[in-house]
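So the chains spell out like this:
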Amino acid sequence: MTVTQTEQTEQTPENETAEPAVFGRLVAIDPLDFDPEGGTEKLVIVDPYNHRKKREEGDTTEPDPALIASVEEVGVQQAIILRPQEGERDGQLGIVIGQRRTLAAYRVAKAAAEEGREYRKIPAIIRDDLRGVDDEALTVSMVENLHRRQASAQDDVDAAEQLALMVKAKKVPKARKRSLAAAIGRTEEELDAAHKVAQMDAETLEELRDEEIEFDWVELGDYDEVKDVPNAQVTLMRAKAKDEQEGNTKRGAWKTAMQELRAKKARTERIETLKAELAEKKVPTVHWVWNWSYSTARPLEELVSKIGMPMSEQGHGETCEGHAATIDPDAAEVVWLCVDWKKHGHRIAGAAQDDDGGEPGEEEAAKIEAAREERRRVKVNNLAWRTARAGREAHIADMCKDKGEAPADVKELIMRTLLVSDGHYVHYVGSQEHGAMLAKFLGDERLTRQPKDVIASLIKKTANKRYWWVLFAHVAGYFEAEHMKDDAWRGEPHYHHGPSVRGRIRPATAEWITFLKRHGYGVTEVEAETVATAEQEAEAAAERRAEQERQRQEREAARAAQKAEIPAPDEDEEEGDDGEENYQYDDAEEEYEEPAGAVEDADPENETDAGADEAEEHEDEPAEGDQEDDEQE
């Protein structure tokens, strides 16, 4: 009952110009020659690369009653597309497009044959050009089903994974890969992420679809990685909206949000590990308290013994029955404490207390609480700053892969950095971090030690318009190593008093964050606060300079006015006519007289020591407005 190729050729008008091979050969197929199970005995099967291939959990291409009724009434009106098979299925035809229509026609024909009724054949186009071209066949199938609701999300991602694997295995040129991705309304980046999405469970995909959350394949793969983190979905939706609002095609806000969610997931896993370790060691644990002032327990870092000695975890555990532990949820670290510091005779460190070891006074308690909050702020911000580094460096590495001409502001930054060459730059070039940063941003571990042959090879293989991006990797390494250290958000460490006394935030730190933001980087909260603080400090400094200039001008104006009020001397008056003696004072001939009350037997060595002590005393006094910190991470 099948129309053969010979019959079809005979039916073609001789005077009609042959169409290009891409349109294929039009034939009529008997629906009963179709095997839904994909056996080897029937002529037609579902192509292995059909977008709607049959799944182990059930066929997702089940025709609905309306389609079956339509086929029974008027037959299949739109031709299906077939392609010749290869290998063990040589001689068979695989359905690339039209599986649902074919299955509906098969069921109608089967019922009609059992009842002895006639049935219609299926119009089909045989695409010989798709024989053995699996990636093209899959693309054609996906284009057909792209906008049909019957194709589930899992259909899409599984098919895309097959396409991505074929493209990778066959080393398809990037231009063709780009073309195939565009044909199904996707990007190359999405094709590369399809294998992650294919591993997602169907429930998650259907949940997102039911809630009408439109994540592309890259976003789906990322979401599946962090979906168990609280508020992950809301966080990512806000990040996606921010990128769309700002026109950020590099997913800056999304990548930053993912970095933070990954960090939260890692902290959660770390906390579970710490809990298991404490349980294994049978260490008593208590719940974390945000303000220990309202608890009988206190961290050991805030306590001292009866004689004022600091308390260590080991010593306290061996001598005190109140020894216990808790876990800081933000830092994901164990905090050792005493569950009842008063009962066990401990004291609050640095507080003036009564002899009975009672609570410190109100003023002392406020100072202790302020110091505690500052320590916690330093810990949390240091952790957030380090967490941001991974995402920031990944963004820099992506920028360094750019094959186009560098923008003007990139060139300006490079020129300014190389030509100024301040002390920080000189330090960076001579450090081991120089090679490590180059290797990280240019993706070549051989650059870590910067051997001359590797550098020569890099220069030789780098295209002329890529030179700026290689130099950018060098300059980016300088900013990251010198101006984005773990505590850069706190300001410049005092050159003499050390990191506990902080000055203003380095302008280079704020400049670098702002520069990256202009190039699509999603700034984190701690980075945004750092830039805002730097801007406030710059405004305050500008106001101080303006005030100083105003005061200087006022002083000059006052002096000028005072000078104008003094009458000019009479020209007839000669020098010395005022009756005063006019002579030159020569202090060279004056003998020095010891001031009254001077110690005759003063020891010069002691004088020197006293002066030095006084100088050191003044040096140890922190400048007004400087911020002191009891803890350096």
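J.: Honestly, the overall build of the protein chain in this entry has me stumped. Any pointers?
T.: If you tally the helices and strands in the protein chain, you get 21 helices and 13 strands. Here the protein chain, with 633 residues, has 39% of them falling under the buried criterion.

J.: Would you explain the side chain of Glu219 in this entry?
T.: Of note, Glu219 is situated in helix α9 (residues 217–226). By relative accessible area, Glu219 is classed as buried at 5%. Setting aside residues up to four positions removed in sequence, Glu219 forms contacts with Glu214, Lys240, Arg251 and Trp254.

J.: In this structure, what is going on with unusual backbone geometry? I would like to understand it.
T.: Working note: non-glycine residues mostly have negative phi, and peptide bonds are mostly trans. Of note in the backbone geometry, Arg251 takes a positive phi value of approximately 55° without being a glycine. Note on placement: Arg251 falls in the loop between α10 (232–246) and α11 (252–280). With a relative accessible area of 14%, Arg251 lands in the buried category. Residues other than glycine seldom take positive phi values, yet Lys282 does so here, at roughly 60°.

J.: Whenever I open this one, the packing of α9 against α11 confuses me. Can you help?
T.: To characterise two packed helices, one gives the angle between the axes of the helices and the distance between these axes. In contact at an axis separation of 10 Å, α9 and α11 are set at 20° when each is read in the N-to-C sense. As far as their axial angle goes, α11 and α9 are roughly parallel. Remark: the crossing between α9 and α11 carries left-handed chirality. Between α9 and α11, the contacting residues are Glu219, Asp222, Glu225 and Val226 on the first element and Trp254, Met258, Leu261, Arg262 and Lys265 on the second. The residue inventory of the contact of α9 with α11, partitioned by class, reads four nonpolar, no polar and five charged.

J.: How should I be thinking about the sheet that holds strand β1 (residues 25–29) in this particular structure?
T.: Strand pairing in a sheet relies on backbone hydrogen bonds, with the paired strands running either antiparallel or parallel. Spatial ordering of the open sheet is given by β1-β5-β3-β4-β2, a layout of five strands whose pairing is mixed. A single partner strand is all that each edge strand has here, and the edge strands are β1 and β2 (44–46). Across the sheet, the mean angle from the axis of one strand to that of its neighbour is 40°, orientation sign disregarded. Sheet topology note: the strand β3 (residues 80–84)/strand β5 (residues 122–126) ladder contains three bridges and is parallel. If you follow Ile81 over to β5, its bridge partner there is Ile125. Docked against the sheet, helix α3 (residues 99–115) engages β2, β3, β4 (93–97) and β5, running at close to 120° with respect to β4.

J.: Explain a negative patch on the surface to me, please; I cannot follow it from the model alone.
T.: Together, Glu203, Glu206, Glu207, Asp210, Glu211, Glu212 and Glu214 make up a negatively charged patch on the protein surface. Here Glu212 shows up in the loop between α8 (202–210) and α9.

J.: In this structure, what is going on with the pattern of salt bridges? I would like to understand it.
T.: Any two side chains of opposite charge can pair, so long as their charged atoms come close to each other. Counted under the stated rule, the structure contains 40 salt bridges. Residues Arg446 and Asp444 are paired through a salt bridge, measuring 3.0 Å at the closest nitrogen-oxygen approach. When its relative accessible area of 16% is taken as the criterion, Asp444 is described as buried. Put simply, Glu189, Asp216, Glu219, Lys240, Glu244 and Arg251 are held in one network by salt bridges that share partners.

J.: Looking at this model, I keep getting lost on the environment of Ala532. Mind explaining?
T.: Structurally, Ala532 is set in helix α20 (residues 525–565). Expressed as a C-alpha distance, the spacing of Ala532 and Ala510, which sit 22 residues apart in the sequence, is 8.4 Å.

J.: Would you take a moment to explain the confidence of the model for the protein chain for this structure?
T.: Parts of the model with low pLDDT should not have their predicted coordinates read in detail. When the pLDDT values of the protein chain are averaged, the result is 80; 76% of them are 70 or greater. Here helix α1 (residues 5–11) is the element of the protein chain with the lowest mean pLDDT, 38, and helix α19 (residues 507–518) is the one with the highest, 96. Note on residues 54–59: pLDDT under 50 across the span, and 10 contacts to partners over four residues away in sequence or across chains. The model gives residues 576–633 a pLDDT under 50, and that stretch makes 36 contacts with residues more than four places away or in other chains.

J.: What exactly am I supposed to notice about the nonpolar core here?
T.: When a protein is soluble and globular, its nonpolar side chains tend to lie buried together. Ranked by internal contacts, the top residues of the largest apolar core, which has 42 residues, are Ile396, Phe472, Trp512 and Phe515. For this core, the secondary structure elements donating two or more residues are α13 (362–400), α14 (408–420), α15 (423–429), α16 (433–442), α17 (452–461), α18 (467–483), α19 and α20. Ranked by residue count, the leading element in this core is α18, at nine residues. Setting aside residues up to four positions removed in sequence, Ile396 forms contacts with Phe441, Phe472, Ala476, Glu480, Trp512 and Leu516. Of all hydrophobic cores here, the second largest spans 22 residues; its members include Phe215, Tyr223, Ala232 and Met258.

J.: Could you clarify how one ought to interpret the side chain of Arg389 in this entry?
T.: Along the chain, Arg389 falls in helix α13. Given a relative accessible area of 19%, Arg389 falls into the buried group.

J.: Help me understand the layout of surface pockets in this model?
T.: One way to see where empty space is left: roll a probe the size of a water molecule over the atoms. In this structure, the largest pocket encloses a volume near 1,200 Å³. Forming the walls of the largest pocket are 37 residues, and the residues nearest its centre are Glu189, Lys250, Lys255, Asp398 and Lys401. Those elements that place two or more of their residues in the lining of the largest pocket are α6 (174–183), α7 (188–197), α9, α11 and α13. No other element matches α11, which puts seven residues into the lining of the largest pocket. Residues of the lining of the largest pocket, tallied by class, amount to 10 nonpolar, 11 polar and 16 charged.

J.: How should I be thinking about the packing of α13 against α20 in this particular structure?
T.: Following both chains from N to C, one finds α13 and α20 inclined at 105°, their axes separated by 8 Å at the closest point. When the interaxial angle is binned, α13 and α20 end up roughly perpendicular. For the pair α13 and α20, contact is made by Asn381, Ala384, Trp385, Ala388 and Arg392 and by Val526, Glu527 and Thr530, respectively. Residues that form the contact of α13 with α20 fall into these classes: four nonpolar, two polar and two charged.

J.: Quick question: what am I supposed to make of the packing of aromatic side chains here?
T.: For any pair of aromatic rings, the description rests on two quantities: the centre-to-centre distance and the angle between the ring planes. Summed over the entire model, instances satisfying the criterion amount to 13 aromatic pairs. Grouped by ring-pair contacts, the aromatic residues Tyr425, Tyr428, Trp469, Phe472, Tyr478, Phe479, Trp512 and Phe515 constitute a single cluster. The ring of Trp385 has Arg392 lying over it, and the distance from NZ or CZ to the ring centre is 5.9 Å. We note Arg490 situated over the ring of Trp489; from NZ or CZ to the ring centre the distance is 6.0 Å.

Here is what the cut-offs are and how they apply
- One numbering rule holds for all chains: residues counted from 1, following each sequence as written.
- Note on the predicted model: pLDDT of at least 70 is required for a residue's local features to be given, and 80 or more for side-chain atom pairs to be given and counted; whole-chain, interface and lining totals, by contrast, use all residues.
- As a rule here, side-chain values cover all heavy atoms of the structure and leave hydrogens and water aside.
- Each helix is a run of DSSP H or I of at least 4 residues and each strand a run of E of at least 2, with the numbering of both proceeding from the N terminus.
- Only protein chains enter the area calculation, which uses a 1.4 Å probe; residues under 20% of their type maximum are buried, those over 50% are exposed, and those in between are partly exposed.
- The contact criterion used is simple: two residues touch if any of their non-hydrogen atoms lie within 4.5 Å.
- Helix axes use the C-alpha atoms of the stretch in contact, all axes being lines fitted to C-alpha atoms, and the angles between their N-to-C directions lie in the range 0 to 180 degrees.
- By definition in this entry, angles of less than 35 degrees are roughly parallel, angles greater than 145 are roughly antiparallel, angles of 65 to 115 are roughly perpendicular, and the rest are oblique.
- Put simply, a crossing is left-handed when the front helix is turned counterclockwise from the back one by less than a right angle, and right-handed when it is turned clockwise.
- Side-chain classes are defined by residue name, with Ala, Val, Leu, Ile, Met, Phe, Trp, Tyr, Cys and Pro counting as nonpolar, Asp, Glu, Lys and Arg as charged, and the others, Gly among them, as polar.
- Between any two strands, at least two bridges found by DSSP are needed for them to pair.
- Here the term patch refers to residues with relative accessible area over 30% and no salt bridge, with like charges joined within 9 Å and nonpolar side chains (Val, Leu, Ile, Met, Phe, Trp, Tyr) within 5 Å.
- To measure how exposed things are, a 1.4 Å probe is used in the Shrake-Rupley method; for residues, cover is taken only from the protein chains shown.
- Should a side-chain nitrogen of Lys or Arg be within 4 Å of a carboxyl oxygen of Asp or Glu, the pair is scored as a salt bridge.
- Only four residue types enter the tally: Lys and Arg on the positive side, Asp and Glu on the negative side, with His and both chain ends excluded.
- A charged residue contributes its charge at one atom only: NZ of Lys, CZ of Arg, CG of Asp or CD of Glu.
- As a per-residue measure, pLDDT reflects the predictor's confidence and takes values from 0 up to 100.
- The nonpolar core is taken to be a set of buried Ala, Val, Leu, Ile, Met, Phe, Trp, Tyr and Cys residues, with the residues joined through side-chain atoms within 4.5 Å.
- The method works on a 1 Å grid over the protein atoms by themselves. A cavity is a set of points holding a 1.4 Å probe that cannot get out, a pocket is an open set with protein on both sides within 12 Å along at least five of seven lines, and residues with an atom within 4 Å of a point line them.
- Grid points are joined across faces, edges and corners, and a volume is the space filled by probe spheres set on the points.
- The pairing test for Phe, Tyr and Trp rings, Trp by its six-membered ring, is centres within 6.5 Å, and the orientation test on the planes gives stacked under 30 degrees, edge-to-face over 60, and tilted for anything in between.
- Any Lys NZ or Arg CZ found within 6 Å of a ring centre and within 35 degrees of that ring's normal is scored as a charge over the ring.

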